[in-house]
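So you can see what is in the structure, the chains are spelled out below.
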Amino acid sequence: MPNSNQPTTQTFITLGVESSCDETAIAIYHSEKGLLAHQLYSQIKLHAEYGGVVPELASRDHVKRLIPLIEATLKEANLTQQDITGMGYTAGPGLMGALLSGAAVARSLAFAWDIPAVAINHMEGHLLAPMLEEKQPKFPFICLLVSGGHTMLIRVNGIGQYTLLGETLDDAAGEAFDKTAKMLGMDYPGGPEVSKLALKGTDKRYTFPRPMVNKPGLDMSFSGLKTFSLNTWLAAKKSGDESEQTKADICRAFEVAVAETLVIKCKRALIQENLNCLVVSGGVSANREIRAQLDTLMKGRKGTTFYPRLEFCTDNGAMIAYAASKRLEAGESSGLSFACNPRWKLEDLNAI
Ligand code: KG4
Ligand code: ZN
């Protein structure tokens, strides 16, 4: 997608536009001063009655929210459109209609404002989100990217220098959380709900398997754990037990199994790559149990763990504005025509 690559010394004030799924999010990032403003509109309520995201409804809602949100973000930063010198927009992976809504607005505004625009990969946004914090990881590091659509272990040598070490062969960890929640009759998105109920769960009443830990390599699988939750719940119901406590115990067993599996795979990746710095990002990195277990692992190894702040674990505009700023500073820009790719792979990105 990029069509130029001359590093620049220019200061950029970049507007980032995120619309890949069910969140419309805008942010402004200053290449010297950092994040100036960020705004987010979540469509959770819109999709809740369907138990998941309805793509067409998502696209239509993005169209409605984008311009007012851009205006609100400019206002929050105390800036006007004339101050913006760069534009970044999510071009994939994600839902095609949702991506196109944001990309069309961003690309058109960049044309009207006569500023460069760059297409940003949503997963790169997540991966770089910890860079928005005061304490930043240094390259190279291992990144565990855990979201609703992806679960990947990546060796990161620099921006755009990504080697995929392993990934889920079926459901993403977030997807397994969402499906477990749905089976237990809980609301969408299920991750935070399962996590909340798991707090009331009895440790070790149920023990779920740790999938693929006995197989060599760094690939993962989470669909079996979701089925384990369902079967445990059906067996409990059959015996006349439909209590909240049993639900909580299942949530606890599920969450602990996901966390321990991720810990085993992260440890293996760190040893394999001879690294001791772990970055964890994506929606599931907000999970308390997963954070606690990874922190224990890294403490034992005398290594360091980096996470985004909680609001930047899930989809947000700040991560897109940051990635766009870095790519614009490196002289990258995408042409006037734009294309979105719902399956855009991290490994296909340009190194900067
Ligand atoms: O990164 P994200 O906002 O969107 C994608 O790019 O997919 O991730 C959303 C996913 C959902 O599956 C949601 O249930 C999960 O992240 N999630 C959590 C938690 N918060 C969000 N999963 C477990 N525990 C949480 N606290
Ligand atoms: Zn995401």
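Above this text you will find the structure in question.
Quick caveat, the model's predicted, so the values are computed rather than measured.

Visitor: Would you take a moment to explain the coordination of the zinc ion (ligand 2) for this structure?
Guide: For a metal with four tetrahedral donors the ideal donor-metal-donor angle is 109.5 degrees, while six octahedral donors give ideal angles of 90 or 180 degrees. Distances from the zinc ion (ligand 2) to its protein donors, His 122 (NE2), His 126 (NE2) and Asp 315 (OD), fall at 2.0 to 2.1 Å. Bound by four donor atoms, the zinc ion (ligand 2) shows angles of 95 to 129° at the metal and therefore tetrahedral coordination geometry. In primary sequence terms, the donor set of the zinc ion (ligand 2) follows H-x3-H-x188-D. One end of the pair, His 122, and the other, His 126, are both in helix α4 (residues 122–128), four residues apart, so they sit about a helical turn from each other. Its relative accessible area of 1% is what places His 126 among the buried residues.

Visitor: I'm lost on the packing of aromatic side chains in this one. Help?
Guide: Two aromatic rings, taken as a pair, are described by how far apart their centres are and by the angle between their planes. Considering all chains together, one arrives at four aromatic pairs under this definition. Between Phe 177 and Phe 254 the ring centres are 4.9 Å apart and the planes differ by 90°, which places this aromatic pair in the edge-to-face class. With a gap of 77 residues between them, Phe 177 in helix α5 (residues 173–183) and Phe 254 in helix α8 (residues 244–273) connect regions that are remote in the sequence. The exposure class of Phe 177 is buried, given its relative accessible area of 1%. Residue Phe 254 is classed as buried on the basis of its relative accessible area, which comes to 0%. The ring of Tyr 41 is capped by Arg 65, whose NZ or CZ atom sits 4.0 Å from the centre of that ring. For the cation-ring pair, Arg 291 lies above Tyr 307, with the distance from its terminal atom to the ring centre recorded as 4.2 Å.

Visitor: I'm lost on the site of ligand 1 in this one. Help?
Guide: Near ligand 1 lie 19 residues; those nearest to it are His 126, Gly 148, Asp 178, Gly 191 and Gly 283. Between ligand 1 and His 126 there is a distance of 3.0 Å, counted from an oxygen atom to a side-chain nitrogen or oxygen. Burial of ligand 1 by the protein amounts to 88% of the accessible area it has alone, namely 550 Å². Put simply, the parts of the chain that give the shell around ligand 1 at least two residues each are α4, α5 and α6 (190–198). When residues in the shell around ligand 1 are grouped by element, the largest group, three residues, is from α5. For the shell around ligand 1, the per-class residue count stands at six nonpolar, 11 polar and two charged. Looking at the shell around ligand 1, you find at least three residues from each of domain 1 (4–129 + 312–348) and domain 2 (139–307).

Cut-offs and rules
Residues numbered from 1 in each chain as written. Chains lettered and ligands numbered in written order. Predicted model: local features only at pLDDT ≥ 70, side-chain atom pairs only at ≥ 80, totals over all residues. Heavy atoms only, no water. Donors = N, O, S within 2.8 Å, 3.2 Å for Na, K, Ca; no water. Tetrahedral: all angles 85-135°; square planar, octahedral: opposite > 155°, others 65-115°. Helix = DSSP H or I, 4+ residues; strand = E, 2+ residues; numbered from the N terminus. Buried < 20%, exposed > 50% of the residue type's maximum accessible area, 1.4 Å probe, protein only. Phe/Tyr/Trp six-rings, centres within 6.5 Å; stacked < 30°, edge-to-face > 60°. Lys NZ or Arg CZ within 6 Å of the ring centre and 35° of its normal. Near = heavy atom within 4 Å. Polar contact = N/O pair within 3.5 Å; in protein donor to acceptor, adjacent residues only side chain to side chain. Areas by Shrake-Rupley, 256 points an atom, 1.4 Å probe, with all protein chains shown as cover. Nonpolar A, V, L, I, M, F, W, Y, C, P; charged D, E, K, R; others polar. Domains from an automatic or database assignment.

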